[in-house]
There are 4 protein chains.
Amino acid sequence: MRKIDINKKQKENSLLKTAFEFFTTKGFSKTSISEIVSKAGVAKGTFYLYFKDKYDIRNKLIYHKASQIFRTAAQSVEAEKNKLSFEDKLMKLLDNIIDQFSKDKVLLNFISKNLSWGIFKNAIFNKNTEDDIDFRKVYSDMLNEAPYEFKEPEIMLFMIIELVSSTCYSAILYSEPCGLDTLKPYLYNAIRLIIDQHRGELKAASNEISSNDQGQKIC
Amino acid sequence: MRKIDINKKQKENSLLKTAFEFFTTKGFSKTSISEIVSKAGVAKGTFYLYFKDKYDIRNKLIYHKASQIFRTAAQSVEAEKNKLSFEDKLMKLLDNIIDQFSKDKVLLNFISKNLSWGIFKNAIFNKNTEDDIDFRKVYSDMLNEAPYEFKEPEIMLFMIIELVSSTCYSAILYSEPCGLDTLKPYLYNAIRLIIDQHRGELKAASNEISSNDQGQKIC
Amino acid sequence: MRKIDINKKQKENSLLKTAFEFFTTKGFSKTSISEIVSKAGVAKGTFYLYFKDKYDIRNKLIYHKASQIFRTAAQSVEAEKNKLSFEDKLMKLLDNIIDQFSKDKVLLNFISKNLSWGIFKNAIFNKNTEDDIDFRKVYSDMLNEAPYEFKEPEIMLFMIIELVSSTCYSAILYSEPCGLDTLKPYLYNAIRLIIDQHRGELKAASNEISSNDQGQKIC
Amino acid sequence: MRKIDINKKQKENSLLKTAFEFFTTKGFSKTSISEIVSKAGVAKGTFYLYFKDKYDIRNKLIYHKASQIFRTAAQSVEAEKNKLSFEDKLMKLLDNIIDQFSKDKVLLNFISKNLSWGIFKNAIFNKNTEDDIDFRKVYSDMLNEAPYEFKEPEIMLFMIIELVSSTCYSAILYSEPCGLDTLKPYLYNAIRLIIDQHRGELKAASNEISSNDQGQKIC
DNA sequence: TATGAATGAGATTTCATTCAT
DNA sequence: AATGAATGAAATCTCATTCAT
């Protein structure tokens with residue numbers, strides 16, 4: 001990377017960092033571009049060289065942060081990939097995410113307040129930059145590795161994510177109606193029940209992974 | 001009510017109605033008080049006689065609308081109160097609410113975008129005006145009439161409400177990841193599973209509901 | 001006085017009292033009629049039954065307070081009327097006024113900030129209500145009783161009053177450039193010098209008191 | 001100075017000039033920032049680039065104008081610096097100031113209405129911009145050059161300034177209680193008397209001013 | 001007399017965005 | 001690429017005063 005490009009990247013990062021600070025402390029609509037640029041140490045006009053407008057920088061932040069969370073969680077599962085069942089992998093993934101948020105309430109608040117399923121899906125299901133993880137692939141790999149078929153796996157994931165995100169948001173930030181620790185057993189049990197209701201037949205052995213052990217197949 | 005009070009109520013309603021129109025079509029932050037008052041046909045200063053600021057009128061709208069939805073739903077259950085089991089009553093209540101929202105997407109959007117468990121709890125668990133329904137009482141009546149004890153009934157309601165509201169929001173408004181009709185069977189099944197996990201022991205017979213098995217009573 | 005008139009007087013006094021409180025603590029332009037009436041316990045419209053507008057109540061307050069100060073001072077001199085020389089009477093009068101102000105800085109601030117020679121002259125040289133003192137008469141009596149003529153007595157009084165009021169204002173309220181005690185000797189000496197420069201000839205015996213000893217006149 | 005800085009100075013001056021016009025004709029509180037900017041031909045936001053608020057521009061005007069007056073007066077004395085006695089220099093200074101005000105009643109009114117010893121002292125005793133004159137130095141130079149010591153020279157100056165400003169204000173603007181010409185002889189005489197009462201001992205001869213009467217020196 | 005709801009012009013201030021430098 | 005002065009529409013909010021009751 002040329003020196004000038006490094007410089008540009010630094011400016012952009014400085015703006016992103018500062019914007020995040022203000023958005024999380026003062027809120028999006030009460031943060032002005034003026035504040036961001038003066039704290040970031042660049043001129044007003046410069047802001048518009050890097051971002052289309054205020055909404056642009058917010059969305060880029062959400063993408064960035066959400067993707068960071070998922071990458072970390074995915075890595076934690078990766079290690080034990082082959083030892084865990086599908087359910088356990090998914091639970092571990094969720095537990096890791098919840099853990100990250102409970103340790104970073106500011107980020108939770110920011111993402112929650114600005115999250116819609118649309119932006120969210122975009123953030124985790126599409127690669128926006130080279131570093132971003134492709135969560136769609138992670139999930140479909142997990143499904144493929146599972147011994148069962150799942151009915152409507154997207155709906156299943158959707159329900160789980162919505163249940164987790166909305167209940168944990170309230171439990172972590174406001175302890176409403178109870179703290180995270182009280183909530184967890186009920187929540188995790190509910191998730192397993194939801195997975196159960198979507199679990200279908202045992203898979204027929206797939207070609208790729210068991211082309212040579214067809215003998216075991218019974219069906 | 002004196003003529004002047006009727007007039008005041010009309011002014012307030014006119015402002016609420018107009019504000020709701022703008023908030024739902026243009027969005028909260030893009031709606032100005034100037035627009036509201038000029039459409040409502042009152043002077044700018046008059047707005048401030050009724051509401052502290054823009055946030056105040058928004059919160060009052062949420063209270064008002066949320067409470068309206070719940071009152072309607074509660075009334076629909078009231079009729080068959082004694083014929084239905086606890087589960088069926090709760091499911092009917094939820095179904096009625098989902099139904100109302102699916103018919104009034106504008107309202108759903110408005111309430112969802114501005115809803116937090118805090119405001120929500122306030123709206124349905126506290127009477128703000130005389131007309132407001134006391135949802136807490138409705139729920140606790142339902143619990144009392146059930147033959148079973150429930151473990152942590154507040155957490156149960158919380159999980160159900162969060163699951164329903166966040167999944168339906170996305171399904172009704174954006175058909176994401178699927179339409180409401182596709183979602184419903186999975187969602188309703190999930191709800192019943194959640195209720196199941198919270199159901200506890202059979203209650204000791206109480207006076208009202210078991211006048212004919214007093215013999216079992218020991219006390 | 002009829003009961004209804006007493007009631008009216010009470011309302012007016014309550015408004016005056018409250019307005020004075022706010023004017024002296026928040027300042028004239030930052031005090032709103034709303035605040036005054038709500039503290040005074042009357043309706044907004046009622047204010048306009050007693051006062052033309054905000055300026056009207058301020059002027060009435062100034063008249064009232066200024067006249068009060070002068071009445072008190074005049075009374076303190078009255079007792080020793082015949083024992084003191086003109087100079088001493090005037091000095092005692094001034095000293096008493098300064099004393100009152102140094103004990104009531106709030107009032108000093110209010111009157112000073114809103115004082116102009118015009119309003120001031122009006123306040124002390126014209127009777128506004130029956131209780132108000134006629135300062136013009138007090139001063140002219142003092143002059144008549146003095147054994148000397150005075151050149152331009154009005155200019156003399158004017159210079160003294162302006163010197164006293166502007167220097168004491170600053171000394172009492174801000175100790176600028178020095179406190180009142182440090183200022184006093186220089187100030188009082190300056191006043192005596194000013195009186196000196198206006199003192200004229202010994203008076204010819206006046207008609208009333210010495211109609212029969214005209215022979216003494218030399219002129 | 002860069003072209004852009006010249007432009008900025010012009011904008012600021014245009015705002016100051018326009019504000020002064022309105023403040024002096026309509027009064028401070030009846031002048032709106034809207035009026036100022038529209039007359040000055042700049043955008044409303046531009047005002048806030050140069051001044052914090054309405055009070056800020058007023059204070060800057062007072063500083064500016066007061067300092068202008070004193071600079072002019074000081075220059076008039078400078079010429080005859082060595083020919084005049086301390087008293088005559090001070091009288092000439094005051095006379096020049098009074099003269100300026102009597103020719104510019106609008107300015108007198110503006111400064112007087114908004115003057116307090118605090119702002120005033122600030123205006124003349126502190127350099128606010130590079131052009132501002134340091135009146136403190138002018139006065140202390142005058143004192144140093146005088147052959148006498150003065151008791152409490154600051155109190156002396158204070159009394160003189162207060163006496164002059166408050167009496168002349170009324171005389172020039174309202175001819176109350178008399179016109180300036182009638183007042184002057186009495187006023188100037190009073191000032192000389194005040195100076196007299198503060199004059200102390202002859203100074204021990206300093207090197208510069210009394211090289212030829214060293215014989216009298218005892219030390 | 002007394003009330004206080006209603007007025008609505010107008011005040012101050014903010015801020016995303018542009019554009020000449 | 002970077003700047004930051006300038007914009008000016010628009011936002012929120014105030015408040016002296018009126019007038020129907």
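Conventions adopted
- All chains use their own residue numbering, which begins from 1 and follows the written sequence.
- Here every chain gets a letter starting at A, and every ligand a number starting at 1, in the order they are written.
- pLDDT decides what is reported in this predicted model: residues at 70 or higher carry local features, side-chain atom pairs at 80 or more are listed and counted, and totals for whole chains, interfaces and linings draw on all residues regardless.
- Hydrogens and water molecules were not included; the side-chain quantities draw on all heavy atoms of the structure.
- A run of H or I in DSSP becomes a helix once it reaches four residues, and a run of E becomes a strand once it reaches two; helices and strands are each numbered from the N terminus.
- Using a 1.4 Å probe on the protein chains alone, a residue whose accessible area is under 20% of its type maximum counts as buried, one over 50% counts as exposed, and one in between counts as partly exposed.
- In what follows, residue pairs with any heavy atoms lying within 4.5 Å of each other are defined as contacts.
- Nearness is defined per residue: one heavy atom within 4 Å of the molecule or strand is enough.
- Under the rule applied, a polar contact is a pair of N or O atoms within 3.5 Å (in protein, one hydrogen donor and one hydrogen acceptor; residues adjacent in sequence only if both atoms are side-chain atoms).
- Three residue categories are used. Nonpolar comprises Ala, Val, Leu, Ile, Met, Phe, Trp, Tyr, Cys and Pro, charged comprises Asp, Glu, Lys and Arg, and polar comprises the others, including Gly.
- By convention, the term buried area covers the 1.4 Å-probe accessible surface removed from two parts as they join, with the contributions of both added.
- Salt bridges are defined by distance alone: a side-chain nitrogen of Lys or Arg within 4 Å of a carboxyl oxygen of Asp or Glu.
- For this overlay, a least-squares fit was computed on C-alpha atoms, restricted to residues scoring pLDDT of at least 70 in both copies.
- Domain limits in this description derive from either an automatic procedure or a database domain assignment.
- Only the stretch in contact is used when a helix axis is fitted, and all axes are lines through C-alpha atoms; the angle between N-to-C directions ranges over 0 to 180 degrees.
- By definition in this entry, angles of less than 35 degrees are roughly parallel, angles greater than 145 are roughly antiparallel, angles of 65 to 115 are roughly perpendicular, and the rest are oblique.
- Crossing handedness is defined as follows: a turn of the near helix away from the far one that is anticlockwise and smaller than a right angle gives a left-handed crossing, while the clockwise case is right-handed.
- In summary, the pairing rule links any two rings of Phe, Tyr or Trp, Trp by its six-membered ring, whose centres are within 6.5 Å, and it sorts them by plane angle into stacked for under 30 degrees, edge-to-face for over 60 and tilted for everything else.
- Ring-over charges, as used throughout, are those where CZ of Arg or NZ of Lys falls within 6 Å of the ring centre and within 35 degrees of the ring normal.

Enquirer: Before we go on, may I ask you to explain the overall build of chain A in this structure?
Expert: Counting its secondary structure elements, chain A contains 10 helices and 2 strands. Burial status across chain A gives 45% buried among its 219 residues. Residue pairs in contact within chain A that sit at least 24 positions apart in sequence constitute 69% of those at least 6 positions apart.

Enquirer: Looking at this structure, I do not really get the protein's contact with DNA strand F. What am I missing?
Expert: Around DNA strand F lies a shell of 32 residues, among which Thr-46 of chain A, Lys-44 of chain B, Ile-33 of chain C together with Thr-46 and Tyr-50 of chain D are the nearest. Backbone sugar and phosphate groups make up 57% of those atoms of DNA strand F lying within 4 Å of the protein. In this structure, a phosphate oxygen belonging to DNA strand F sits 3.3 Å away from a side-chain N or O atom of Lys-54 of chain B. Here Ala-43 of chain D contributes a backbone N or O atom positioned 3.3 Å from a phosphate oxygen of DNA strand F. When residues of the surface near DNA strand F are traced back to their parent elements, those giving at least two are helix H3 (44-50) of chain A, helix H2 (33-40) and helix H3 (44-50) of chain B, helix H3 (44-50) of chain C together with helix H3 (44-50) of chain D. When the residues that make up the surface near DNA strand F are grouped by side-chain class, the tally is 12 nonpolar, 9 polar and 11 charged.

Enquirer: Please clarify how the interface of chain D and chain C should be interpreted in this entry.
Expert: Note: interface size is frequently given as the accessible area lost on complex formation between the parts. Opposite the 28 residues of chain D that make contact, chain C presents 28 residues. Regarding the contact of chain D and chain C, the summed buried area is about 2,600 Å², with carbon and sulfur atoms giving 72% of it. The interface formed by chain D and chain C contains 0 salt bridges. Where chain D touches chain C, the interface holds 6 residue pairs in polar contact (both at pLDDT 80 or more). Within the residue set of the side of chain D that touches chain C, elements represented by two or more residues are helix H7 (117-125), helix H9 (153-174) and helix H10 (180-198) of chain D. The element best represented in the side of chain D that touches chain C is H10 of chain D, accounting for 10 residues. Class assignment of the residues belonging to the side of chain D that touches chain C gives a composition of 14 nonpolar, 7 polar and 7 charged.

Enquirer: Would you mind going over the protein's contact with DNA strand E with me for this structure?
Expert: Taken together, 34 residues are adjacent to DNA strand E, and Ile-33 of chain A, Thr-46 and Tyr-50 of chain B together with Lys-8 and Thr-46 of chain C come closest. The sugar and phosphate moieties of DNA strand E supply 58% of its atoms located within 4 Å of the protein. Between a phosphate oxygen of DNA strand E and a side-chain N or O atom of Tyr-50 of chain C, the distance comes to 2.9 Å. Lys-54 of chain D has a polar side-chain atom sitting 3.5 Å from a phosphate oxygen of DNA strand E. Among the secondary structure elements, those contributing two or more residues to the surface near DNA strand E are H3 of chain A, helix H1 (3-26) and H3 of chain B, helix H1 (3-26) and H3 of chain C together with helix H2 (33-40) and H3 of chain D. For the surface near DNA strand E, a count of residues per class yields 12 nonpolar, 9 polar and 13 charged.

Enquirer: In this structure, what is going on with the relation of the copies chain A and chain B? I would like to understand it.
Expert: Here the two chain copies are tied together by a rotation about an axis and a shift along that axis. When chain A is fitted to chain B, the residual RMSD is 0.2 Å, and the transformation amounts to a turn of 180° plus an axial shift of 0.1 Å. Expressed as a symmetry operation, the mapping of one chain copy onto the other fits a two-fold axis. Closest approach to the rotation axis among the C-alpha atoms of chain A is made by Leu-163 of chain A, whose C-alpha sits 2.3 Å away. Most of the interface of chain A is mirrored in chain B, where 100% of its interface residues are also at the interface.

Enquirer: Which parts of the structure should I look at to understand the pattern of salt bridges?
Expert: Side-chain pairing between opposite charges can occur once the charged atoms of the two side chains come close. According to the stated counting rule, one finds 60 salt bridges over all chains in the structure shown. With a shortest N-O distance of 3.1 Å, Asp-53 of chain C and Lys-52 of chain C are connected by a salt bridge. Take Asp-53 of chain C: its relative accessible area is 22%, and that puts it in the partly exposed class. Between Glu-21 of chain D and Lys-39 of chain D there is a salt bridge, with its nearest N and O atoms 2.9 Å apart. Pair noted here: Glu-21 of chain D is in helix H1 (residues 3-26) and Lys-39 of chain D is in helix H2, with a separation of 18 residues, a long-range link. You can call Glu-21 of chain D partly exposed: its relative accessible area is 32%. The exposure class of Lys-39 of chain D is exposed, given its relative accessible area of 51%. Through salt bridges that share partners, Lys-17, Glu-21 and Lys-39 of chain A make up one connected network.

Enquirer: Would you take a moment to explain the domain arrangement of chain A for this structure?
Expert: Residues and elements named next belong to chain A. By domain assignment, chain A separates into domain 1 (1-51) and domain 2 (53-207). Contacts between the two partners involve 14 residues from domain 1, matched on the other side by 12 residues from domain 2. A combined buried area of about 1,300 Å² lies between domain 1 and domain 2, and 81% of that area is made up of carbon and sulfur atoms. The largest share of the area that domain 1 buries against domain 2 comes from Phe-20, Phe-28 and Phe-51, three residues that together contribute 48% of it. On the surface where domain 1 and domain 2 come into contact, there are 0 salt bridges. Where domain 1 touches domain 2, the interface holds 2 residue pairs in polar contact (both at pLDDT 80 or more). Among the elements of the structure, helix H1 (3-26) and H3 are those that each provide at least two residues to the side of domain 1 that touches domain 2. Counting residues per element, the side of domain 1 that touches domain 2 draws most heavily on H1, at 6 residues. Its residues assigned to classes, the side of domain 1 that touches domain 2 comprises 11 nonpolar, 3 polar and no charged.

Enquirer: So what exactly am I meant to see when it comes to the relation of the copies chain D and chain C here?
Expert: Between the two copies, chain D and chain C, the superposition gives an RMSD of 0.2 Å; the rotation angle is 180° and the shift along the axis is 0.0 Å. When the interface residues of chain D are mapped onto chain C, 100% of them again fall at the interface, so both copies present the same face.

Enquirer: Help me understand the packing of helix H6 (residues 105-113) of chain A against helix H9 (residues 153-174) of chain A, please; the structure alone is not making it clear to me.
Expert: Packed helix pairs are characterised by how far apart their axes lie and by the angle those axes make with each other. All names here are of chain A. With their axes 10 Å apart at the nearest point, H6 and H9 run at an angle of 140° to one another. Between H6 and H9, the crossing angle belongs to the class labelled oblique. For the pair H6 and H9, the sense of crossing is left-handed. In this structure, H6 contributes Lys-105, Leu-108, Asn-109, Ser-112 and Lys-113 to the contact, and H9 contributes Cys-168, Tyr-169, Ile-172, Leu-173 and Tyr-174.

Enquirer: Explain the packing of aromatic side chains to me, please; I cannot follow it from the model alone.
Expert: Each aromatic ring pair is characterised by the separation of its centres together with the angle its planes make. Considering all chains together, one arrives at 32 aromatic pairs over all chains under this definition. A ring pair is formed by Phe-20 of chain A and Phe-110 of chain A, whose centres lie 5.3 Å apart and whose planes are at 90°; its orientation type is edge-to-face. Of the two residues, Phe-20 of chain A is situated in helix H1 and Phe-110 of chain A in helix H6; the sequence distance between them amounts to 90 residues. Each member of the pair, Phe-20 of chain A together with Phe-110 of chain A, is buried. Taking 6.2 Å as the distance between ring centres and 15° as the angle between the ring planes, the aromatic pair formed by Phe-23 of chain D and Phe-110 of chain D counts as stacked. Here Phe-110 of chain D lies in helix H6 (residues 105-113) and Phe-23 of chain D lies in helix H1, a separation of 87 residues in the sequence. You'll find Phe-23 of chain D and Phe-110 of chain D in the same group, each marked buried. Three or more aromatic residues link up through ring pairs in this structure, and these residues are Phe-20, Phe-23, Phe-28, Tyr-55 and Phe-110 of chain A. A cation over a ring is seen here: Arg-199 of chain B above Tyr-148 of chain B, with NZ or CZ 5.2 Å from the ring centre. Its end group placed over the ring of Phe-20 of chain C, Lys-65 of chain C keeps NZ or CZ at 4.1 Å from the ring centre.

Enquirer: Can you walk me through the interface of chain A and chain B in this structure?
Expert: With 28 residues of chain A at the contact, the number on the chain B side is 28 residues. Here chain A packs against chain B, burying approximately 2,600 Å² in sum over the two surfaces, 72% of which is carbon and sulfur. On the chain A side of the contact with chain B, Pro-177, Tyr-186 and Gln-197 of chain A bury the most area, a combined 23% of that side's loss. Here chain A and chain B share 0 salt bridges between them. For the interface between chain A and chain B, the tally reads 6 residue pairs in polar contact (both at pLDDT 80 or more). Elements with a contribution of two residues or more to the side of chain A that touches chain B: helix H7 (117-125), H9 and helix H10 (180-198) of chain A. In the side of chain A that touches chain B, the residues fall into 14 nonpolar, 7 polar and 7 charged.

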